[in-house]
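Okay, here's what each chain looks like letter by letter:
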Amino acid sequence: MKNRALLLAVALVQCKGSAAPLASPAASASDSGPGPSVGAPLPPFEAPDQDGKTRTFETLRGPNGLLLNFNRSVVW
Amino acid sequence: MELAGQAESFRKRGIGVASVIPEPVATIKEFATGHGVAYPVLSDADAAIIRRFGLVDHGFHATGDLVGKDIPYAATFLVDEHGVIREKFFEAAAENRRTTASILVLQGAPGTGGQEVRGGHFTLRTSSSNAEVAPGQRFTLVLDFELEPKHHAYAPGVKGYRPLELQLDPDPLFEVHDTRYPPARTYYFAPLKETVPVFEGKFRLTRDVTVTLPGALPRFKDVEEFPATVSGTLRYQICSDVVCYPPATQPLRWTVRIRKWVR
């Protein structure tokens with residue numbers, strides 16, 4: 001704690017502060033580990049779904065993108 | 001899969017949902033029909049996709065039917081509409097999984113449960129991504145702040161003021177991860193010619209917690225579920241354009257049910 005700063009700040013009246021975006025990176029998900037990195041394009045893929053219909057990124061995505069999840073098996 | 005319960009919430013946000021599993025179509029169809037899975041589950045029976053993605057877990061010790069098969073890490077990618085990966089979620093330990101509800105609150109969705117705290121010059125609403133969690137699941141504690149106009153809290157790295165910090169009490173039941181902060185803003189305080197990183201207005205802090213297997217499993221000897229509390233202390237300091245208030249603390253707690261299995 002900088003007590004002097006605290007007291008000064010308390011004593012001073014009507015001082016204008018300005019706020020601007022800081023150039024520090026935003027908190028983001030961990031980018032470590034295997035597989036493609038954040039910022040990279042998703043590798044192309046094509047596979048049948050449970051109904052045997054061939055699926056690609058374009059047929060799976062919504063207007064705002066896609067959540068693509070990899071699992072070891074159907075149960076876990 | 002816990003994803004099934006959350007798929008609709010993602011679709012409402014315009015985000016499609018799909019899973020990739022290294023099993024034949026017939027196995028996936030049987031599972032999807034039996035569990036009412038209403039999103040596409042892709043069959044990567046020859047492991048071509050997980051190999052192309054570099055997601056094969058070579059350290060995985062397969063048993064039973066899985067021997068000799070390529071098994072992927074449990075990983076989740078959030079991809080934008082142009083096909084660019086925006087977030088990547090990955091658990092190194094085979095027994096751990098981040099909940100899909102956790103990914104959802106990290107995108108700004110509201111959490112569940114929690115409390116409202118009215119502090120001096122701010123309101124804090126706490127919540128959790130999940131009300132029920134199982135051993136190995138990683139979920140997210142949420143802190144939604146609303147500061148009074150012309151007030152600010154301090155971001156990590158600030159000198160001379162107490163930065164906003166959530167200290168969680170040690171508990172063998174929980175492994176805690178780093179706090180995620182929003183981007184800070186720089187604040188120039190002319191009288192002291194001081195430039196400091198601050199948070200203002202409405203903003204969200206999150207902190208992930210994993211339910212540990214060694215902490216949880218012994219507790220299931222006689223019960224199928226039990227309540228547990230994540231407790232801690234928020235340390236902070238609020239200042240306005242005019243007045244700086246003394247550093248302060250606020251005890252916080254999140255209660256979740258720990259279940260043997262979560263559907």
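Computed from a predicted structure; not experimentally measured.

*Asks:* Looking at this model, I keep getting lost on the overall build of chain A. Mind explaining?
*Replies:* In terms of helices and strands, chain A carries two helices and four strands. Helices and strands appear in chain A in the N-to-C order α-β-β-β-α-β. Among the 76 residues that make up chain A, the fraction classed as buried is 36%.

*Asks:* Help me understand the pattern of salt bridges, please; the structure alone is not making it clear to me.
*Replies:* Pairing is possible between side chains that carry opposite charge, provided their charged atoms lie close to one another. All names here are of chain B. Counted according to the given criterion, the structure contains 21 salt bridges over all chains. In this structure, Glu200 engages Arg185 in a salt bridge whose closest nitrogen and oxygen atoms are separated by 3.6 Å. Remark: Arg185 occurs in strand E13 (residues 185-189) and Glu200 occurs in strand E14 (residues 194-200); sequence separation between them is 15 residues. The exposure class assigned to Glu200 is partly exposed, which follows from its relative accessible area of 29%. Using a relative accessible area of 34% as the deciding quantity, one classes Arg185 as partly exposed. Of the charged contacts, one joins Arg259 and Glu225 as a salt bridge, the two residues approaching to 3.7 Å between their closest N and O atoms. Here Arg259, found in strand E18 (residues 248-259), pairs with Glu225, found in strand E16 (residues 225-236); they are 34 residues apart in sequence, far enough to count as distant. Accessibility expressed as a relative area gives 26% for Glu225, which makes it partly exposed.

*Asks:* I tried to follow helix H1 (residues 3-12) of chain B on my own but got confused; where do I start?
*Replies:* For the α-helix, the turn length of 3.6 residues means that residues three or four positions removed from each other point alike. Turning to H1(B), its buried residues are Leu3(B), Gln6(B), Ala7(B) and Phe10(B). Take H1(B) and look down its axis: the buried residues cluster within an arc of 130°, on one side only. Summarising the geometry of H1(B), the exposed residues directed more than 90 degrees from the buried face are Gly5(B) and Lys12(B). Those residues of H1(B) that are buried are in contact with strand E4 (65-70) of chain A together with strand E1 (15-21) and helix H4 (100-106) of chain B.

*Asks:* Sorry if this is basic, but what is going on with the environment of Arg51(B) here?
*Replies:* All names here are of chain B. Structurally, Arg51 can be placed in helix H3 (residues 48-52). Put simply, Arg51 and Asp70 are 19 residues apart on the chain and 8.3 Å apart in space, counted from C-alpha to C-alpha. What Arg51 contacts, discounting residues up to four positions off in sequence, is Asp46, Val56 and Asp70.

*Asks:* Help me understand the side chain of Thr76(B) in this model?
*Replies:* Tracing the backbone through its elements, the reader meets Thr76(B) in strand E3 (residues 75-79). According to the relative accessible area criterion, Thr76(B) is buried, its value standing at 10%. Engagement of the side chain of Thr76(B) in a polar contact is seen with the side chain of Asn69(A), the distance being 3.2 Å. Ignoring sequence-local partners within four residues, the contact set of Thr76(B) consists of Leu67(A), Leu68(A), Asn69(A), Glu87(B), Lys88(B), Phe89(B) and Ile103(B).

Conventions used here
Residues numbered from 1 in each chain as written. Chains lettered and ligands numbered in written order. Predicted model: local features only at pLDDT ≥ 70, side-chain atom pairs only at ≥ 80, totals over all residues. Heavy atoms only, no water. Helix = DSSP H or I, 4+ residues; strand = E, 2+ residues; numbered from the N terminus. Buried < 20%, exposed > 50% of the residue type's maximum accessible area, 1.4 Å probe, protein only. Salt bridge = Lys/Arg side-chain N within 4 Å of Asp/Glu carboxyl O. Arc of directions from axis to C-beta. Contact = heavy atoms within 4.5 Å. Polar contact = N/O pair within 3.5 Å; in protein donor to acceptor, adjacent residues only side chain to side chain.

So yeah, pure geometry; function would need other evidence.
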